[in-house]
Amino acid sequence: MNSSLFLKNICFFFLMSFLSHSSLWGTHNRAGEITYTHINGLTYAFTITTYTKESAPADRCELTIDFGDGSTDTYDRENGPVGSCPFPAMMGEVLTGDFKKNVYRGQHTFSAPGIYVVHVEDQNRNSGVGNIPNSVNVPFYIQTTLRINGQLGPNNSAQLLNPPIDNGCTNKPFYHNPSAFDPDGDSLGYQLINCRGAAGIEILDTYDPSIVSDPVRIDSTTGEVRWEVPKNVGQYNFALLVSEYRIGPLGSWEFMGSVTRDLQVDIDQCNNNPPVLDPLGPFCVVAGENINFLVRADDPDGDRISITGTGGPLVVSDPATFIQPITGIAPVTAFFSWDTKCVHVRKQPYTMHFKVKDAPILFNEPELVDFETVEIQVIAPAPKNPVATAQQGSIALSWDSSQCIQAAGYRLYRRNGAYGYVPDSCETDVPAYTGYRFLADLPGYQNTTYLDNDSLALGNRYCYLVVAYFDDGSVSQASSEFCAALVQDAPVITKVDVLQTDAQNGRIRIEWIPPRTIDSVLTPPGYAYTLYRGVGLEPQQYDSIAWFPNYSDTVFTDLNLATDSNAYSYKVAFYYQATQGIAPVRGPFSNAAASHFLKLIPGDEQIRLKIEKEVPWYTDTFFVFRETSPGSAQFDSIGFSLAEDFIDSGRVNGETYCYKVLASGRYTGGLIFDPLLNHSQVACATSVDSSAPCTPQVEMTYDCSSSYLRIEWKDPPANCPQDIAYYNIYFKPSEDVPFPPTPLISNLTGSFFDAFDGDLIGCYAVSAVDDADGDPGGQSNESPLSEVFCLEPCPVLELPNVFTPNGDGENEAFSVVRDANGVPRALNISDFSMRVYNRWGAQVFASDDLDDFIASGWDGKDQSSGSDCSEGVYFYSCTYSVRSVRDQQRLNQNGFVHLFR
């Protein structure tokens, strides 16, 4: 750091010291925030709203705003009457309770996209704020963040509809809600942050428990601030950060901007009890329908109360109706009603914030409040009049355009067979539990037809759902199911059953049914079939294997197959005009159907069965059979599965087990017999422990000052192998090198490891090893390494803030502090440099040798002249390097030391 920068630091220090004893500016700012709206392009309109102390002599006809791009502007106050402010600035709106509301507006055009922190700083806050020490001399500072990104679209900040001033009583819960509304429908999140002072520096006493007593909390979803039990009378300021998030083009949540509210709370001693609002909602409504409900509040003291409401439904186009305030002796009921329209459809729910305030009977008692936050989700209606029409080899789909013309397009979903889905009142899109699968995306509001010819099979009935989607990610309710089945103008295979498993002499039985619809004019009689076979579940080539000249001949047994290692696929071609002396004409093929193929995955005391299939019908159940003893050819049922997966546990490692599966299915069209029963081949495997333990979950405790390290690992979760024999600890000296193949410590059978001394700096990871080496022919398995923990040293350099070079032998030099045993408090540092400056920025001492500084230090003399330095405050700047597992760090340690003689 150069000497000019040191001089600036020193000047700033003494300037702040001077300001702490002087009140140079007005003392009036209580609360406020900055919001913005998008105009066009890179131009935004900003609104600064402040609440000030009306009785204070200071007043601001205009305020300066800093846009975070190197430019500033001055906005005139625009609310209130005409007065002493130069036109066009207004005088602000005077409120009861010594408050004035001030609104300043203007526009600014940024030069480029980016993230801008816009702020206003004004001298000063009002006096007497309990949790802001010397508040009368602390500037008022508010800021808001704006992100301009073309891919994310323009953005408007959250608008805070409730004012940032509130009252409360000691020993009574305090509530506040900013009633934030986002015009873009972005998702809002809330958090408490520190208030800010000069140059945006955080005021660390904002939530000091010795000042504010009970903790202040905020609901991160609703924005409700709750201070459970304020114990001390006074004024308090807190800060709320309201952040916006939007789903970006890549499907992830993107930060859009934030507004900081500086809130002031007046706490008084009183006997009043707050009123209470009854819980409400959440509610859901389909656009075009009315949503209405009663808002009821009561007061334990029987006071007169008043219900008001703020929120998005009251400020959108075609707003809700809520007559307010509704005032009377408790209890009081208000009525909310909203005739929703398509323009109100959005992904995020609307939020209504209802507030009840009492008017205490006792004179001068503070008015207390309660809030109730209600979410109202407006969803788009389902597309109407969907129709499915079967054609040859395809199904034509159509529906009416969405009632909401802002729909961006439609999504189609399909399943084999009907589900009977009827959405719940607030259920949108097509939930996965229905078994529907995405079929097509159709952009465009009027794109309302689709021809489905994707992998349709004869004999099945296909059902569809359609939804409308919108640019903000919202989705309508699903249409009613609409279904159709293809015209069955070709054979339909019903059986591909493995009769024998063998490497050469395997057998499979194939059955089919004839076409149900035959046009004898277009396809004259003389009907026949050809059976084709391919190897595998989805073969690239089929070969003709049999000719069937009779229409009723629909069964065939295929011989000499390698069924032990292959699945086989079949399809049947339909021929007509197959009379003697005339060449037959090939008509349509059946859909292909393959034999079920069973794969076995050996595991630790288990065999996992994976059933591979490629059939045109719907399979609902797999019955699993296991051979009773090796070579017996006798199989017993051991269970069933609704999925293509089954685990046979409790097996003995090293023993061989054989299985086959019987699949039960059906065509969903309802015109073909069921169940369709087909066996897989027989498959065998030997149970063996080849599964490594799961990655250990590790916690680490490290105290670098005492060179203590504890590494702990948890027992594996229930869904992980439990056969852990021991743990290994691996070590590497830095982050940028790999772990060695050999662990630092092995065969740890407990749940932790302690190290008490030595050089612990470096990176650690833990693995778990199982006991598979105890099985016949087994070999132990090691887990992946745990999360890596890297230990950094404690860079310790403790320096005093006072020394007294007066010859009495005590504290004679400014040097490193020593502990009770006389050991210098300087650890794990090198490349030491110390510089000391007087209040005018002149250097009076320098040292680049840590050992020399520890031994001698600065004796209070000016190094250049040898004369004694005067009593007073001196600024020091110390730099040093710290050993690290990453790149070596260079740290600065700056401060002040007092010289007394």
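Given the structure is predicted, the values throughout are model-derived calculations rather than measurements. (Residues numbered from 1 in each chain as written. Predicted model: local features only at pLDDT ≥ 70, side-chain atom pairs only at ≥ 80, totals over all residues. Heavy atoms only, no water.)

Considerations on the overall build of the chain
Secondary structure summary: the chain contains three helices and 63 strands in total. Scaling as 2.2 N^0.38, a compact globule of 901 residues should have a C-alpha radius of gyration of about 29 Å, whereas the chain reaches 40 Å, well beyond that. Taken along the three principal axes of its C-alpha coordinates, the chain extends 125 × 75 × 55 Å. Each of the 901 residues in the chain was classed as buried or not, and the buried ones make up 48%. At a minimum sequence separation of 6, the contacts of the chain that also span at least 24 residues come to 66%. Total accessible area on the chain is roughly 41600 Å²; 50% of this is exposed by carbon and sulfur atoms. On the chain, the mean spot of the 57 positive side-chain charges and the mean spot of the 108 negative ones are 5 Å from each other. (Helix = DSSP H or I, 4+ residues; strand = E, 2+ residues; numbered from the N terminus. Rg over C-alpha atoms; globule rule 2.2 N^0.38 Å. Buried < 20%, exposed > 50% of the residue type's maximum accessible area, 1.4 Å probe, protein only. Contact = heavy atoms within 4.5 Å. Areas by Shrake-Rupley, 256 points an atom, 1.4 Å probe, with all protein chains shown as cover. Lys, Arg positive; Asp, Glu negative; His and termini not counted. Charge placed at Lys NZ, Arg CZ, Asp CG, Glu CD.)

Focus: the pattern of salt bridges
Note on pairing: side chains with opposite charge can pair once their charged atoms come close. Overall, the coordinates contain 33 salt bridges when judged by the stated rule. For Asp 441, the salt bridge is made with Arg 411, and the minimal N-O distance between the two is 3.8 Å. With a gap of 30 residues between them, Asp 441 in strand 30 (residues 437–443) and Arg 411 in strand 29 (residues 409–416) connect regions that are remote in the sequence. Given the relative accessible area of 35%, Asp 441 is considered partly exposed. Note on Arg 411: relative accessible area 23%, which makes it partly exposed. Each member of the salt-bridge network shares a partner with another, and the members are Asp 59, Arg 77 and Lys 100. (Salt bridge = Lys/Arg side-chain N within 4 Å of Asp/Glu carboxyl O.)

Focus on the state of the cysteines
Scanning the model with the defined rule gives nine disulfides in all. Bridging Cys 463 to Cys 483, the disulfide has an S-S length of 2.0 Å. Across the disulfide from Cys 463 to Cys 483, rotation about the S-S bond amounts to roughly 110°, and the bridge is consequently right-handed. Here Cys 483 lies in strand 33 (residues 482–485) and Cys 463 lies in strand 32 (residues 461–469), a separation of 20 residues in the sequence. Cys 463 gets classed as buried once you look at its relative accessible area, which sits at 0%. Across the disulfide, Cys 704 is cross-linked to Cys 794 (sulfur-sulfur distance 1.1 Å). Note on the Cys 704 and Cys 794 pair: the S-S dihedral is about 75°, so by sign convention the disulfide is right-handed. Remark: Cys 794 occurs in the loop between strand 56 (789–791) and strand 57 (796–797) and Cys 704 occurs in the loop between strand 50 (698–703) and strand 51 (708–713); sequence separation between them is 90 residues. Judged by its relative accessible area of 24%, Cys 704 is partly exposed. No disulfide involves Cys 878; its sulfur sits 17 Å from the nearest other cysteine sulfur, which is in Cys 794. (Disulfide = S-S within 2.5 Å.)

Re the environment of Gln 406
When you line up the elements, Gln 406 lands in the loop between strand 28 (394–398) and strand 29. Overall, the relative accessible area of 33% leaves Gln 406 in the partly exposed class. Once the C-alpha coordinates of Gln 406 and Val 343 are considered, the two residues, 63 residues apart in sequence, prove to be 7.9 Å apart.

Some points on the sheet that holds strand 52 (residues 724–732)
Reading across the sheet, the four strands line up as 53-52-55-56 and stay open at both edges, with antiparallel pairing between neighbours. The open sheet terminates on both sides in strands that have one partner only, identified here as strand 53 (745–748) and strand 56. Sheet twist, expressed as the average angle between the axes of neighbouring strands with direction ignored, equals 25°. The pairing of strand 52 with strand 55 (residues 762–770) spans eight bridges and is classified as antiparallel. The partner of Tyr 726 across the bridge, within strand 55, is Val 769. (Pairing = 2+ DSSP bridges. Axes fitted to C-alpha atoms, helices over the stretch in contact; angles between N-to-C directions.)

A closer look at the packing of aromatic side chains
Counted according to the given criterion, the structure contains 46 aromatic pairs. An angle of 85° between the planes, with centres 5.1 Å apart, marks the rings of Trp 227 and Tyr 236 as edge-to-face. The burial state of Trp 227 is the same as that of Tyr 236; both residues are buried. Arranged with centres 4.8 Å apart and planes meeting at 20°, the rings of Phe 293 and Phe 336 form a pair that is stacked. Here Phe 293, found in strand 20 (residues 290–298), pairs with Phe 336, found in strand 24 (residues 332–339); they are 43 residues apart in sequence, far enough to count as distant. On the basis of relative accessibility, which here comes to 6%, the residue Phe 293 falls in the buried class. Taking the relative accessible area as the measure of exposure, Phe 336 reaches 0% and is therefore buried. Taking NZ or CZ as reference, Arg 346 lies 4.0 Å from the ring centre of Tyr 350, over its face. Of note, Arg 710 hangs over the ring of Phe 752, and the distance from its end group to the ring centre comes to 3.9 Å. (Phe/Tyr/Trp six-rings, centres within 6.5 Å; stacked < 30°, edge-to-face > 60°. Lys NZ or Arg CZ within 6 Å of the ring centre and 35° of its normal.)

Side note on unusual backbone geometry
Looking along the chain, the bond that leaves Gly 281 and enters Pro 282 is cis, with omega of 0°. Its location among the elements puts Pro 282 in the loop between strand 18 (276–277) and strand 19 (283–286). Cis rather than trans, the peptide bond between Asp 674 and Pro 675 has omega equal to 5°. Structurally, Pro 675 is set in the loop between strand 47 (656–666) and strand 48 (676–679). Positive phi is not limited to glycine here, since Asn 385 has a value of about 55°.

What about the pairing of strand 20?
Alternating residues of strand 20 divide into Ile 291, Phe 293, Val 295 and Ala 297, all buried, and Asn 290, Asn 292, Leu 294, Arg 296 and Asp 298, none buried. Pairing of strand 18 with strand 20 involves two bridges; the strand directions are antiparallel. Counted as the bridge partner of Leu 277 is Ala 297 from strand 20. Two elements, strand 20 and strand 24, share eight bridges in a ladder whose sense is antiparallel. Pairing of Ile 291 across the sheet is with Trp 338, part of strand 24.

What about the sheet that holds strand 20?
Overall, antiparallel pairing links the four strands, which are arranged 18-20-24-22 in an open sheet. Every interior strand has two partners, whereas the edge strands, strand 18 and strand 22 (321–322), have only one.

Structural notes on the confidence of the model for the chain
Do not read the fine detail of predicted coordinates wherever pLDDT is low. For the chain, the average pLDDT comes to 91, and 96% of its residues sit at 70 or higher. When mean pLDDT is taken per element in the chain, strand 31 (residues 449–452) scores highest with 98 and helix 1 (residues 3–19) scores lowest with 40. Low confidence marks residues 1–26, where pLDDT is under 50. Its contacts with residues over four positions away, or in another chain, come to 32 contacts. (pLDDT = per-residue confidence, 0-100.)

What to know about the side chain of Gln 893
Along the chain, Gln 893 turns up in strand 63 (residues 889–899). Setting aside anything within four residues of it in sequence, one finds Gln 893 in contact with Leu 797, Leu 799, Tyr 876, Ser 877, Cys 878 and Tyr 880.

Details of a nonpolar patch on the surface
A cluster of nonpolar side chains, contributed by Tyr 245, Ile 247 and Trp 253, occupies part of the molecular surface with about 290 Å² of accessible area. Inspection of the secondary structure puts Tyr 245 in strand 16 (residues 234–247). (Patch = residues over 30% accessible without salt bridge, like charges linked within 9 Å, V, L, I, M, F, W, Y side chains within 5 Å.)

What about the environment of Leu 458?
Here Leu 458 is to be found in the loop between strand 31 and strand 32. Judged by relative accessible area, which is 9%, Leu 458 ranks as buried. Along the primary structure Leu 458 and Tyr 36 are separated by 422 residues, whereas in three dimensions their C-alpha atoms are 60 Å apart. Setting aside its immediate chain neighbours within four residues, Leu 458 contacts Leu 486, Val 487, Gln 488, Asp 489, Ala 490, Pro 491, Val 492, Asn 591 and Tyr 667.

Focus on the side chain of Arg 261
As for its placement among the helices and strands, Arg 261 is situated in strand 17 (residues 253–268). A polar side-chain atom of Arg 261 sits 2.8 Å from a polar atom in the side chain of Glu 33. Contacts of Arg 261, omitting those with residues within four sequence positions, involve Gly 32, Glu 33, Leu 160, Asn 162, Pro 163, Pro 164, His 176, Pro 178, Phe 238, Ala 239 and Leu 240. (Polar contact = N/O pair within 3.5 Å; in protein donor to acceptor, adjacent residues only side chain to side chain.)

Focus on the environment of Pro 515
As for its position among the elements, Pro 515 is in the loop between strand 35 (506–513) and strand 36 (528–535). Exposure remark for Pro 515: the relative accessible area of 4% places this residue in the buried category. A C-alpha to C-alpha distance of 87 Å links Pro 515 and Asn 892, two positions 377 residues apart in sequence. Discounting residues that sit within four places of it in the chain, Pro 515 has contacts with Gln 488, Asp 489, Ala 490, Pro 491, Tyr 529, Tyr 551 and Phe 574.

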